[in-house]
Amino acid sequence: MQGVPKQNSPATLDAHEKALREASERGKTPKFTFTLTERFSPQHADVSWIRSAYLAAFAALGWRYILRPALDPIRAQLKSDSPTELPLTIGFNPKADSNTRSIMIVREPENLSSVHVVIGHYTVFLPDPWGTLSLQELAESISGLRDETGGVTPTLSGQVADWPTKPMYLLDKAIR
């Protein structure tokens, strides 16, 4: 058993090694007690899903989409070291296939006009390419659709984009 120099003070590492050496010399098996602390943060997890959706949307749709002012709050959050309260536009479906990957530019219903990104059990709604709704307005629309269990099951229609396996920049190509 060895300590991690970058994570422990030199004095603590020396004391630890000395105790192990002395126990070994006496023929004793050292006993250890330690506590593991899981540092799960739902806010950090949400930011992670938003980042993943943002990057997938960027690869699929390009610079013309990703630099829209409606995405400023997301870019600010991604630059920050600590999670802020972004409007909630994330959903979780435990029944979804964990291998599902999809991007849809939602046109209908109009109050959910967005870029709908599905990554396994998670769904993220990002503002649409036309600036129809802000992130806050989109979150309010989603919130208004929640049922008594907190679920949202809207029927969406729009244009499906292929899941990016490389940069496709579909909207950038459309203006050439």
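As shown above, the structure is provided for reference.
A short tour of the structure in this document, coming up. (Residues numbered from 1 in each chain as written. Predicted model: local features only at pLDDT ≥ 70, side-chain atom pairs only at ≥ 80, totals over all residues. Heavy atoms only, no water.)

Note on placement: T123 falls in strand β4 (residues 122-127). We classify T123 as buried; its relative accessible area is 16%. Look past the residues within four positions of T123 in its chain and what remains in contact with it is T89, I90, G91, H116, V117 and V118. (Helix = DSSP H or I, 4+ residues; strand = E, 2+ residues; numbered from the N terminus. Buried < 20%, exposed > 50% of the residue type's maximum accessible area, 1.4 Å probe, protein only. Contact = heavy atoms within 4.5 Å.)

Quick look at the sheet that holds strand β1 (residues 90-92) now. Two orientations exist for strands paired in a sheet by backbone hydrogen bonds: parallel and antiparallel. Reading across from one edge, β1-β4-β3-β2-β5 is the order of the five strands in this open sheet, with antiparallel pairing throughout. At either end of the open sheet lies a strand with only one pairing partner, and these are β1 and β5 (157-161). Within this sheet the neighbouring strands show an average axis-to-axis angle of 25°, counted without direction. Pairing of β1 with β4 involves three bridges; the strand directions are antiparallel. Its bridge partner being in β4, G91 is matched across the sheet by T123. (Pairing = 2+ DSSP bridges. Axes fitted to C-alpha atoms, helices over the stretch in contact; angles between N-to-C directions.)

Let us now look at the pairing of strand β2 (residues 101-108). One ladder, built from six bridges, connects β2 with strand β3 (residues 114-119); its direction is antiparallel. Each bridged residue has a counterpart across the sheet, and for I103 the counterpart in β3 is V117. Remark: five residues form the turn of the hairpin made by β2 and β3, two consecutive strands paired antiparallel. Where β2 lies against β5, five bridges are found, and the strand directions are antiparallel. Across the sheet, I103 pairs through a bridge with A161, a residue of β5.

Here we take up helix α4 (residues 72-79). Considered for burial, the residues of α4 that qualify are I74, R75 and Q77. All buried residues of α4 lie within an arc of 160° about the axis, which places them on one face of the element. Lining the buried residues of α4 we find α2 (42-61), α3 (63-66), β4 and α5 (135-144). (Arc of directions from axis to C-beta.)

In terms of nonpolar packing, the biggest core is built from 25 residues, with Y65, V115, V117 and L126 touching the most fellow members. Put simply, the parts of the chain that give this core at least two residues each are α2, α3, β2, β3 and β4. Considering every element that reaches this core, the biggest residue donor is α2, with eight residues. For L126, the contacting residues outside a window of four places in its chain are A53, Y54, A57, Y65, L71, I74, S114, V115, V117 and L138. (Core = buried A, V, L, I, M, F, W, Y, C linked by side-chain atoms within 4.5 Å.)

Nothing here speaks to function; it is all geometry.
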